[in-house]
Amino acid sequence: LEEGVRGEIIFGQLETHAAPRPRHVASASRLGARLGRAFDEGDGGPGGWWILDEPQVRRGGHALIPDLAGWRVERMPELPTEAYFSLAPDWVCELSSPSTAKRDRGVKMDAYAAIGVACLWLIEVDERLLEAFRCDDGRWLRLGAHVDDACARVPPFDELELGALWRPPARRGG
């Protein structure tokens with residue numbers, strides 16, 4: 001693929017899209033840092049998870065790269081030695097943009113259900129919206145939508161302050 005283009009194999013088809021915009025990358029980084037501290041490192045939270053940015057997941061003929069993914073340590077006690085994961089994540093998060101929204105809500109959601117992902121978050125950065133889903137027998141059940149600066153309990157994780165995902169970095173005084 002040419003520079004600035006990313007690709008995934010979903011249901012046997014090569015799906016390409018442009019690299020994410022800076023605002024998208026910033027929100028993904030902030031979310032990964034917040035969840036990583038509490039659920040991966042156990043700093044102010046329960047730990048017990050691997051929270052990773054853009055891991056390659058190869059399973060069921062798919063080669064998927066979620067923006068963020070998490071595995072419970074009880075299911076994956078150690079990271080694989082390969083450059084990809086063959087075990088489906090327990091949770092994935094896609095930060096959709098206008099160029100990826102149709103795929104994220106269509107074939108990619110279907111692929112995540114097919115490989116056994118239990119929880120899915122779709123975040124629309126421009127809309128300041130997080131939708132949460134749980135997979136039940138291969139079908140996605142929408143658990144709810146959370147907007148703007150809400151503090152929300154979003155399975156599989158505890159309380160999350162959404163405003164931190166969209167606001168600019170804090171500036172040093174003086």
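Residues numbered from 1 in each chain as written. Predicted model: local features only at pLDDT ≥ 70, side-chain atom pairs only at ≥ 80, totals over all residues. Heavy atoms only, no water.

Per the secondary structure count, the chain includes four helices and 12 strands. The C-alpha radius of gyration computed for the chain amounts to 16 Å, which stays within 12% of the reference 16 Å derived for 174 residues, consistent with globular compactness. Counting only C-alpha atoms and orienting by the principal axes, one finds that the chain spans roughly 55 × 35 × 30 Å. For the chain, buried positions account for 43% of its 174 residues. Pairs at least 24 apart in sequence give 50% of the contacts found in the chain among residues at least 6 apart. Working note: accessible area of the chain is about 9,500 Å², and carbon and sulfur atoms make up 47% of it. Between the centroid of the 22 positive side chains of the chain and the centroid of its 28 negative side chains there is a distance of 4 Å. (Helix = DSSP H or I, 4+ residues; strand = E, 2+ residues; numbered from the N terminus. Rg over C-alpha atoms; globule rule 2.2 N^0.38 Å. Buried < 20%, exposed > 50% of the residue type's maximum accessible area, 1.4 Å probe, protein only. Contact = heavy atoms within 4.5 Å. Areas by Shrake-Rupley, 256 points an atom, 1.4 Å probe, with all protein chains shown as cover. Lys, Arg positive; Asp, Glu negative; His and termini not counted. Charge placed at Lys NZ, Arg CZ, Asp CG, Glu CD.)

Residue placement: Leu 165 occurs in helix 4 (residues 163-166). Separated by 66 residues in the primary sequence, Leu 165 and Ser 99 place their C-alpha atoms 20 Å from one another. Residues within four places of Leu 165 in sequence aside, it is in contact with Ser 27, Arg 30, Leu 31 and Ile 123.

What follows concerns the side chain of Asp 67. Its place among the elements puts Asp 67 in the loop between strand 5 (62-64) and strand 6 (68-72). Residues within four places of Asp 67 in sequence aside, it is in contact with His 24, Leu 52, Asp 53, Glu 54, Cys 93, Glu 94 and Leu 95.

Residues Leu 1, Ile 9 and Leu 14 make up a contiguous nonpolar surface patch of roughly 320 Å² in combined accessible area. Counting through the fold element by element, Ile 9 comes out in strand 1 (residues 5-10). (Patch = residues over 30% accessible without salt bridge, like charges linked within 9 Å, V, L, I, M, F, W, Y side chains within 5 Å. Salt bridge = Lys/Arg side-chain N within 4 Å of Asp/Glu carboxyl O.)

This part is about the nonpolar core. By size, the foremost hydrophobic cluster in this structure holds 24 residues, and its most contacted members are Leu 31, Trp 91, Trp 121 and Ile 123. Counting only elements with at least two residues in this core, the list comes to helix 1 (22-40), strand 3 (49-53), strand 7 (91-96), strand 8 (119-124), strand 9 (129-136) and helix 4. When neighbours within four sequence positions are excluded, Leu 31 is seen to be in contact with Leu 68, Cys 93, Trp 121, Ile 123, Leu 160 and Leu 165. Val 57, Tyr 112, Val 117 and Trp 140 belong to the second largest nonpolar core, which has 20 residues in total. (Core = buried A, V, L, I, M, F, W, Y, C linked by side-chain atoms within 4.5 Å.)

To continue, consider the pairing of strand 2 (residues 13-18). Here strand 1 runs beside strand 2; their pairing, made up of six bridges, is antiparallel. For Ile 9, the partnering residue across the bridge sits in strand 2 and is Leu 14. (Pairing = 2+ DSSP bridges.)

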